[in-house]
Amino acid sequence: AVPKTRILATGGASHNKKILQVLSDVFNAPVYTIDTANSACLGSAYRAIHGLVAETNVSLADVVKLAPEPRLAVTPTAGAEEV
């Protein structure tokens, strides 16, 4: 089974519900946000940790289990995929 797509929005625009709604409608996927300072560095930090533990066969999914839980911000508008 293919996992369902979801979008994780961070940064300043992630506080604008209208922008998030457009993303959700265009990609027909729910948009989640996280409240993390310096979120632009977050992915790089997790990849760096993953690199440090690569010899132990720890997956990236296991590394990011400690990440803050994303919060659902918006879902696609019904019928948006028809537009």
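Reading guide: rules and limits
Residues numbered from 1 in each chain as written. Predicted model: local features only at pLDDT ≥ 70, side-chain atom pairs only at ≥ 80, totals over all residues. Heavy atoms only, no water. Helix = DSSP H or I, 4+ residues; strand = E, 2+ residues; numbered from the N terminus. Buried < 20%, exposed > 50% of the residue type's maximum accessible area, 1.4 Å probe, protein only. Core = buried A, V, L, I, M, F, W, Y, C linked by side-chain atoms within 4.5 Å. Contact = heavy atoms within 4.5 Å. Pairing = 2+ DSSP bridges. Axes fitted to C-alpha atoms, helices over the stretch in contact; angles between N-to-C directions.

Peer 1: Sorry if this is basic, but what is going on with unusual backbone geometry here?
Peer 2: Peptide bonds are mostly trans, and most non-glycine residues show a negative phi. Despite not being glycine, Asn 28 has its phi angle at roughly 50 degrees, a positive value. Structurally, Asn 28 is set in the loop between helix 1 (17-27) and strand 2 (31-33). Exposure remark for Asn 28: the relative accessible area of 38% places this residue in the partly exposed category. At Asn 57, a residue that is not glycine, the phi angle is positive and equals roughly 60 degrees. Its location among the elements puts Asn 57 in the loop between helix 2 (42-52) and helix 3 (60-63). By relative accessible area, Asn 57 is classed as exposed at 73%.

Peer 1: Explain the nonpolar core here, please?
Peer 2: Counting residues in each nonpolar core, the largest one holds seven residues, listed as Ile 7, Ala 9, Leu 20, Ala 29, Val 31, Ala 73 and Val 74. With sequence-adjacent residues up to four places away left out, Ala 9 is seen in contact with Ser 14, Leu 20, Val 31, Tyr 32, Thr 33 and Ile 34.

Peer 1: Honestly, the sheet that holds strand 3 (residues 71-74) in this entry has me stumped. Any pointers?
Peer 2: Picture the strands of a sheet paired through backbone hydrogen bonds; they go either parallel or antiparallel. Spatial ordering of the open sheet is given by 1-2-3, a layout of three strands whose pairing is mixed. Each end of this open sheet is capped by a strand with a single partner; those strands are strand 1 (7-9) and strand 3. For this sheet, the mean inter-axis angle between neighbouring strands, taken without regard to orientation, is 45 degrees. Pairing geometry for strand 1 and strand 2, over three bridges, is parallel. Within the sheet, the bridge partner assigned to Leu 8 lies in strand 2 and is Tyr 32. Against the sheet, helix 1 touches strand 1, strand 2 and strand 3, its axis set at about 85 degrees to strand 3.

Function-wise, these values are silent; they only describe arrangement.
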